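# Inside the fold
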Amino acid sequence: SKTKKQHRNLNMIQVCGYPISIFFIVVNEFCERFSYYGMRAVLVLYFKFFLRWDDDLSTSIYHTFVALCYLTPILGAIVADSWLGKFKTIIYLSIVYAIGQVAMAVSAIHDITDTDRDGTPDNMIFHVVMSMVGLFLIALGTGGIKPCVAAFGGDQFGDHQEKQRRTFFSVFYLCINGGSLLSTIITPILRAQECGIYSQQKCYSLAFGVPAALMVVALVVFIAGSGMYYKAEPQGNIMLDVSKCIGFAIKNRYRHRSKQFPKRKHWMDWAEEKYDKLLIAQIKMVLKVLFLYIPLPVFWTLFDQKGSRWTLQATTMDGNFGLLVIQPDQMQTVNPILILTLVPIMDSVVYPLIKKCGLNFTPLKRMTVGMVMAAIAFFCAAVVQLQIDKTLPVFPSSSESQLKILNMDSNPVTVNLPSYPPFTVPAAQVGDLFQKLCAKVALIFHNSSDESTPVHYFNLQVSEKYFTFEGEQILVTVENHHPVSQDVSLTKQMFINGLATAVNVSSPAVDFGLIQPLNYTTYSLVQYGKTTFTLRSGSQSCEFSKEFGYGSSYAFFIPSTLVFGPTCQESITVIEEIKPNSVHMALQIPQYFFITAGEVMFSVTGLEFSYSQAPSNMKAVLQAGWLLTVAIGNFIVLIVAEAAKIPLKWAEYVLFASLLIAMCVLFSIMAYFYTYIDPTEIEAQFKTMTNEDDEKHKNGEIQMLKKGSVNQKDHFNKDKKQTRL
């Protein structure tokens, strides 16, 4: 045929026994996976720190996006097999994909709407709309081409190239993991850079721009090999046939719901009036496996949180590994590294060892153990979160306030606060933090020489305030709006000037500007590590250095007694508002180990088991069902994050782990009653029965023909006799 001839001609162009076209497909897959995982690695931090969403909203949108990425492959497979074909589907959806990546990169350019040039976008709606449109297009593109690229690569091999085809799929899988690993290392580094036209901010636009460029490269490379591909014509999608058959069985069963109609062994048997018995038997086998999928979405509920909740958890931890500083989103690289390590260890060491011990470690048992591993990972995450919570600052609720007293006087001052004993604030120092105060507070200030200071009433309208004073008079009220760092690698700093003259404060990265007497600066972001500030007043200057830890926040008070010179460092009062992150990121490694071990035992084994229990022409249906469990799992995270609103993160981790344990028990019960089958043998039996029926039918027709021919002869002779008469 024409198609076979085309296939034969294309296979003549080979390199080392492989069709040259597959090299374009492999490069395309590597670039596409780099693009997807690189963008996804920094996505939740983009929501939190650029769009300024809280943890729950960031998590919800992240998992909605991931769920869409696993729903659209079903659509892509149907379009490719029924209408456009794999080649055109990949081209068209890759263009959509690239546009989405470009939209994400544009949405992260803060200078577009930063009219006052303070580093913060003034029109956040533009950035939100652009990012949501971009994510929708990416989900449509990456999901749509997911089922097409691997199958299109397999189509390039002839029937005599089975060995080369297997090697291709191994290299193809390696490209997926290689692209994932490199992107989760590189894009967080790009995000940590500072860029901008008018103001320097974290470079999310670069972190999204590089994946966008890689997607364009992937598209160009794929198109470049167009003339060398074997392009199979669309031959219909089995999922549509299966859906129609199931729909007809349900409809027919409903029509014959009356008791006057005899029952049938299986509800799918009601499709026998219209569909082939072999197809119905194949669908029965698939439904048996899909029934086991019911508890599986909860595993993905836990697994995919390594890109959301666990990354947000890492932002409150210390990533300093000595010579190496790890960004919070880079911790995700532990997963692909462990995957590449554990898969060969499991296959060549662990499973054979278990088999030698005489244990029947069936695929369903492996999957059960994998689910337990994932639950253990979340129990580990809960323990880590408990350690983090001990170090986090306590912020007031919407109906409460916090208060700090900064004494700018050169003498100690005593303060009376209702419900608290009198306390003394030393000269040029800050008092203790008072938490959970009501909206209106009466303060009494007096120094040691005069105790007749009048009472001052203040309405605390913001979450935290500094009241700075000298003697009896309030000089300045410093509003402090939750001094939380914008990024784990950045710290927030502010200066309060207690001098009678203006002071200019600057550092190599930040210029605080001129601070007027008895005034203060806004918070500025300073990079993690050691920073040297230069203080200038007229012709006088001095330097002040401070080592900043991850996630810390400080206020620096310049006292009225400051003398410019070498002793400047000792004179400045350092007020530590938020302590540096002290829980190390290395504590996340155990939870990553358990979740990856669970993935190897659950995901790899699950696909292997599913494929072994389904007919050869039903693999696509099972693939669709498997992807659907991933999507449902991500929607469960969305429901818990938005509906449950659990205030304690460790409690949420325990909830998810407990839910998976419950589903694990249910799955183990279902697995206990499951009977393994051989689809090939069942299909062969049906084909044999069909052939026998056909043979009987054929023999019956021959007998009828013979009988008919004798009757015809007799009738002819009879007519002949009558004619003679």
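Structure: above.
Attention here is on the structure that accompanies the text. (Residues numbered from 1 in each chain as written. Predicted model: local features only at pLDDT ≥ 70, side-chain atom pairs only at ≥ 80, totals over all residues. Heavy atoms only, no water.)

## Some details on the nonpolar core
For clarity, the cut-off: By convention a nonpolar core is built from buried Ala, Val, Leu, Ile, Met, Phe, Trp, Tyr and Cys residues, the set being connected through side-chain atoms within 4.5 Å. Buried, partly exposed and exposed residues are distinguished by accessible area as a fraction of the type maximum, computed with a 1.4 Å probe on protein chains only: under 20%, between the cut-offs, and over 50%, respectively. Two residues qualify as a contact provided that any one of their heavy atoms is within 4.5 Å of a heavy atom in the partner residue.
With 131 residues, the main nonpolar core has Leu 43, Tyr 46, Phe 65 and Phe 208 as its most contacted residues. Apart from the residues within four sequence positions on either side, Phe 65 is in contact with Tyr 36, Met 39, Leu 43, Leu 135, Ile 138 and Ala 139. Within the second largest apolar cluster, 20 residues are counted, among which are Phe 495, Phe 512, Leu 535 and Phe 544.

## Quick word on unusual backbone geometry
What counts, and what does not: Under the DSSP-based scheme used, a helix requires at least four consecutive residues in state H or I and a strand at least two consecutive residues in state E, with every element numbered from the N terminus.
Although it is not a glycine, Arg 52 sits at a positive phi angle of roughly 65°. Residue position: Arg 52 is located in the loop between helix 3 (43-50) and helix 4 (55-84). Even without a glycine there, the phi angle at Leu 518 is positive, about 55°.

## Overview of the environment of Gln 385
How we decide: Under the rule applied, a polar contact is a pair of N or O atoms within 3.5 Å (in protein, one hydrogen donor and one hydrogen acceptor; residues adjacent in sequence only if both atoms are side-chain atoms).
Mapped onto the secondary structure, Gln 385 falls in helix 14 (residues 363-389). With residues up to four places along the chain from it excluded, the contact list for Gln 385 reads Gln 313, Lys 649, Trp 650 and Tyr 653. Within the structure, Gln 385 has its side chain in polar contact with the side chain of Gln 313 (distance 3.1 Å).

## Some details on the packing of aromatic side chains
Formally: Note on ring pairs: Phe, Tyr and Trp rings are taken, using the six-membered ring of Trp, and paired if centres are within 6.5 Å. Classes follow the plane angle, with under 30 degrees stacked, over 60 edge-to-face and the rest tilted. Remark: a charge is flagged as sitting over a ring if the NZ atom of Lys or the CZ atom of Arg is within 6 Å of the ring centre and within 35 degrees of the ring normal.
Counting across every chain of the model gives 46 aromatic pairs. Taking 6.2 Å as the distance between ring centres and 70° as the angle between the ring planes, the aromatic pair formed by Phe 50 and Tyr 204 counts as edge-to-face. Remark: Tyr 204 occurs in helix 8 (residues 204-224) and Phe 50 occurs in helix 3; sequence separation between them is 154 residues. Their ring planes at 45° and their centres at 5.6 Å tell us that Phe 168 and Phe 172 sit as a pair that is tilted. One end of the pair is Phe 168 and the other is Phe 172, both in helix 7 (residues 162-192) and four residues apart, which spans about a single turn. Taken as a pair, Phe 168 and Phe 172 share a single burial class, namely buried. Clustering of aromatic rings is evident, with ring pairs tying together Phe 495, Phe 512, Phe 533, Phe 544, Phe 548, Tyr 554 and Phe 556. Looking at Arg 257, its charged tip hangs above the ring of Tyr 254, at a distance of 4.0 Å from the centre. Stacked on the ring of Tyr 351, the Lys or Arg Arg 366 has its end atom at 4.0 Å from the ring centre.

## Quick word on the state of the cysteines
Put simply, the rule reads: Cysteine sulfur atoms are paired as a disulfide whenever they come within 2.5 Å of each other.
This structure, assessed with the given rule, holds two disulfides. The residue that forms a disulfide with Cys 195 is Cys 203, at a sulfur-sulfur distance of 1.9 Å. Given an S-S torsion of about 100°, the disulfide between Cys 195 and Cys 203 has right-handed geometry. Given the relative accessible area of 21%, Cys 195 is considered partly exposed.

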